[in-house]
Amino acid sequence: MTRLTVALISLMFALTACVGTQPALGPDGKPLPPIFRITKRNAAKIQFRVLDSVNALRKASGLQPVQLSAQLTAAAATHSRDMSIQNRPWHFGSDGSSPIDRVKRAGYPGQFLGENISETYESDVETLAAWMQEADTRAVIMNPNARFMGLSWFQEPSGKIWWTQVFGS
């Protein structure tokens, strides 16, 4: 009896392994992207992972590394949440503020050099890779005058992430 039970349980596991899962489809019939969930555990690592990646890219091009700036990160956090409220990725705040205005409001003493934004379900690493594939966003990351970086995000309950990356001298 025990052998029969073990055999049936093994067969059940084998059959469930054969059943494929269908990806969730969007209204256009295309598969939805996998959702990268930012948890408390990985949130603390994201800024440093992006900083390390940015600095590796900059080093490979002979550029000086950048450091995290609390003021630039605060400006990025404000804008990420605001883009979510507006439900559109763009560089202007709902109050009409520009990236320069936000950086000044956050108390950053240096010069604003550029801002990268993204509306996605992708991870920080995938978002950085996408920024590096586009000439204009890559130019912001690889600006030879950059000395400081701020990075923040806002994740909606649906999983959509609004990323903002800011550079300054």
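The structure under discussion appears in the preceding block.
Residues numbered from 1 in each chain as written. Predicted model: local features only at pLDDT ≥ 70, side-chain atom pairs only at ≥ 80, totals over all residues. Heavy atoms only, no water.

**Student:** Even after reading the chapter, I still don't get the overall build of the protein, so can you show me in this structure?
**Tutor:** Assigned secondary structure in the protein consists of six helices and four strands. Burial status across the protein gives 39% buried among its 169 residues. Taking contacts inside the protein between residues at least 6 apart in sequence as the whole, the part at least 24 apart equals 66%. (Helix = DSSP H or I, 4+ residues; strand = E, 2+ residues; numbered from the N terminus. Buried < 20%, exposed > 50% of the residue type's maximum accessible area, 1.4 Å probe, protein only. Contact = heavy atoms within 4.5 Å.)

**Student:** Looking at this structure, I do not really get helix α5 (residues 124-133). What am I missing?
**Tutor:** Residues spaced three or four apart along an α-helix face the same direction, because each turn holds 3.6 residues. Residues of α5 that are buried: Asp 124, Thr 127, Leu 128, Trp 131 and Met 132. Considered in projection along α5, the buried side chains sweep an arc of 140 degrees and stay on one side of the axis. (Arc of directions from axis to C-beta.)

**Student:** Help me out: how do you make sense of the packing of aromatic side chains in this one?
**Tutor:** When we look at a pair of aromatic rings, we describe it by the centre distance and by the angle of the planes. Per the stated rule, a full pass over the model turns up three aromatic pairs. Summarising the aromatic geometry, the rings of Tyr 108 and Phe 148 are spaced 6.3 Å apart at their centres and angled 70 degrees between planes, so their arrangement reads as edge-to-face. In this pair, Tyr 108 sits in the loop between α4 (99-105) and β2 (112-120) while Phe 148 sits in strand β3 (residues 148-155), placing the two residues 40 residues apart along the sequence. The exposure class assigned to Tyr 108 is buried, which follows from its relative accessible area of 9%. Where Trp 153 meets Trp 163, the ring centres are 5.6 Å apart and the plane angle is 55 degrees; that geometry is what we call tilted. Taken as a pair, Trp 153 in strand β3 and Trp 163 in strand β4 (residues 161-168) lie far apart in primary sequence, 10 residues in all. Per residue, the accessibility class of Trp 153 equals that of Trp 163, and both read buried. Positioned over the ring face of Trp 90 is Arg 88, at 3.9 Å from the centre of the ring. (Phe/Tyr/Trp six-rings, centres within 6.5 Å; stacked < 30°, edge-to-face > 60°. Lys NZ or Arg CZ within 6 Å of the ring centre and 35° of its normal.)

**Student:** Would you explain the pairing of β4 in this entry?
**Tutor:** The side chains of a regular strand alternate, first on one face of the sheet and then on the other. Among the eight residues of β4, eight are classified as buried, and the element is accordingly described as predominantly covered. Burial of β4 is two-sided: the residues Ile 161, Trp 163, Gln 165 and Phe 167 facing one way and the residues Trp 162, Thr 164, Val 166 and Gly 168 facing the other way are all buried. Of the pairings in the sheet, the one linking β2 to β4 comprises eight bridges and is antiparallel in character. Across the sheet, Phe 112 pairs through a bridge with Gly 168, a residue of β4. When β3 meets β4, the two strands line up antiparallel, connected through eight bridges. In the strand pairing of β4, Phe 148 is matched with Gly 168. Where β3 hands over to β4, the hairpin turn is made up of five residues, of which Gly 159 adopts a positive phi near 105 degrees. (Pairing = 2+ DSSP bridges.)

**Student:** Would you mind showing me how to read the sheet that holds β4 here?
**Tutor:** The pairing of strands in a sheet happens through backbone hydrogen bonds and is either parallel or antiparallel. The strand order across the open sheet formed by four strands is β1-β3-β4-β2, and the pairing between neighbours is mixed. Each edge of the open sheet carries a strand with a single partner, namely β1 (67-68) and β2. Along the sheet, helix α2 (residues 40-60) contacts β1, β3 and β4; its crossing angle with β3, the most-contacted strand, is approximately 140 degrees. (Axes fitted to C-alpha atoms, helices over the stretch in contact; angles between N-to-C directions.)

**Student:** Is there a simple way to explain unusual backbone geometry in this structure?
**Tutor:** Backbone phi values are negative for most residues with the exception of glycine, while trans is the configuration of most peptide bonds. We note that Asn 87 has phi near 55 degrees; this positive angle belongs to a residue other than glycine. Along the chain, Asn 87 turns up in the loop between α3 (70-86) and α4.

**Student:** What's the story with the pattern of salt bridges in this structure? I'm lost.
**Tutor:** When the charged atoms of two side chains with opposite charge come close together, those side chains can pair. With the rule as written, the count across this model stands at four salt bridges. One salt bridge connects Lys 160 with Glu 119, and the closest N-O pair in it is separated by 2.8 Å. On the criterion of sequence distance, the pair formed by Lys 160 in the loop between β3 and β4 and Glu 119 in strand β2 is long-range, its members being 41 residues apart. (Salt bridge = Lys/Arg side-chain N within 4 Å of Asp/Glu carboxyl O.)

**Student:** Whenever I open this one, α2 confuses me. Can you help?
**Tutor:** Taking 1.5 Å per residue as the helical rise, α2 with its 21 residues ought to reach 30 Å, and the 31 Å between its terminal C-alpha atoms agrees with that figure. Taken as a whole, α2 carries its principal kink of about 35 degrees at Ile 46. Among the residues of α2, those classed as buried are Asn 42, Ile 46, Gln 47, Val 50, Leu 51, Val 54, Asn 55 and Arg 58. In this structure, the buried residues of α2 make contact with β1, α3, α5, α6 (135-141), β3 and β4. At the C-terminal side of α2, Gly 62 shows a positive phi close to 75 degrees. (Expected span 1.5 Å × (residues − 1). Bend = angle between axes of the 7 residues up to and from the residue.)

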